[in-house]
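Survey of secondary and tertiary structure
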Amino acid sequence: MNRKSLMTLLRSFKVPIETWGTGEAKTLDHLYAEISSGEAALTVVNGKLRRYALGITVLVHYIGDGPEKKLVEKEQVFRDGRRKTRALQGNMSIGEKMRPSEDALSAAYRAFKEELKIEERLPLQVLRPFVKGPIPSISFPGIETLYYIHAFMAWIPPHLYKRDGYTEEQEDKTTYFIWEVV
């Protein structure tokens, strides 16, 4: 599917793409990139367009000198100044969509590397996987999304702990992660 055929498909389902790229919504290019990379797929269910994504999420904790802390995503700040606050399902800390032919464990370690700049392969406790949705997409208004999510839990060792949290820089946005007392 090329960008033009994607736009035609979206318009045929009366998806309000003119509102995308405003508020908390991502752009058509974001959806096209997800589909092109295989991180997401579109299908029709009961006459509605539905986006599917397979992902991972990790609950990240730290115990140091003080009380136990949990890492949370504070906000995303887009280059155009828009801000987005997400509450990851199940109070999780970090998450990523899985790439084709990537297993859940590899995706979890990629999330640590990309989002927190942690390359060390920390022990991960496998949690119960879950399904989120179908729900209306905040990122892509007019499309419902169904997520299949593998979940993990990890503990940050003292040498990787950053008191002020972590920052992920991407081409279109910066994501900030902070610690909260549990």
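So, how was this worked out
- Residues numbered from 1 in each chain as written.
- Predicted model: local features only at pLDDT ≥ 70, side-chain atom pairs only at ≥ 80, totals over all residues.
- Heavy atoms only, no water.
- Helix = DSSP H or I, 4+ residues; strand = E, 2+ residues; numbered from the N terminus.
- Contact = heavy atoms within 4.5 Å.
- Expected span 1.5 Å × (residues − 1).
- Buried < 20%, exposed > 50% of the residue type's maximum accessible area, 1.4 Å probe, protein only.
- Polar contact = N/O pair within 3.5 Å; in protein donor to acceptor, adjacent residues only side chain to side chain.
- Phe/Tyr/Trp six-rings, centres within 6.5 Å; stacked < 30°, edge-to-face > 60°.
- Lys NZ or Arg CZ within 6 Å of the ring centre and 35° of its normal.

Quick look at the environment of L6
Topologically, L6 is positioned in helix α1 (residues 3-12). Spatially, the C-alpha atom of L6 lies 10.0 Å from that of D29, the residues being 23 residues apart in sequence. Among all residues touching L6, those that are not within four sequence positions of it are M1, L28, L31, Y32, I35 and L42.

Some thoughts on helix α3 (residues 104-116)
For α3, with 13 residues, the first-to-last C-alpha span of 17 Å sits near the 18 Å given by 1.5 Å per residue. Among all positions in α3, only A104, A107, A108, Y109, R110, A111, F112, E115 and L116 are buried. On its buried face, α3 sits against β2 (48-62), β3 (69-78), β5 (94-97), β7 (144-155), β8 (166-169) and β9 (173-181). Of the residues flanking the start of α3, the one acting as N-cap is D103, its side-chain oxygen 3.1 Å from the backbone nitrogen of L105.

Overview of the packing of aromatic side chains
Summed over all chains, the structure comprises 5 aromatic pairs. Consider the rings of Y161 and W179, whose centres lie 5.3 Å apart with planes at 45°: the pair is tilted. Residue Y161 is found in the loop between β7 and β8, and its partner W179 is found in strand β9; the two are separated by 18 residues along the sequence. The same class applies to Y161 as to W179, namely buried. An aromatic cluster is built from Y62, Y161, Y166 and W179, whose rings are joined through pairwise contacts. One cation-aromatic arrangement involves R82 over F78; the distance from NZ or CZ to the ring centre is 4.5 Å.

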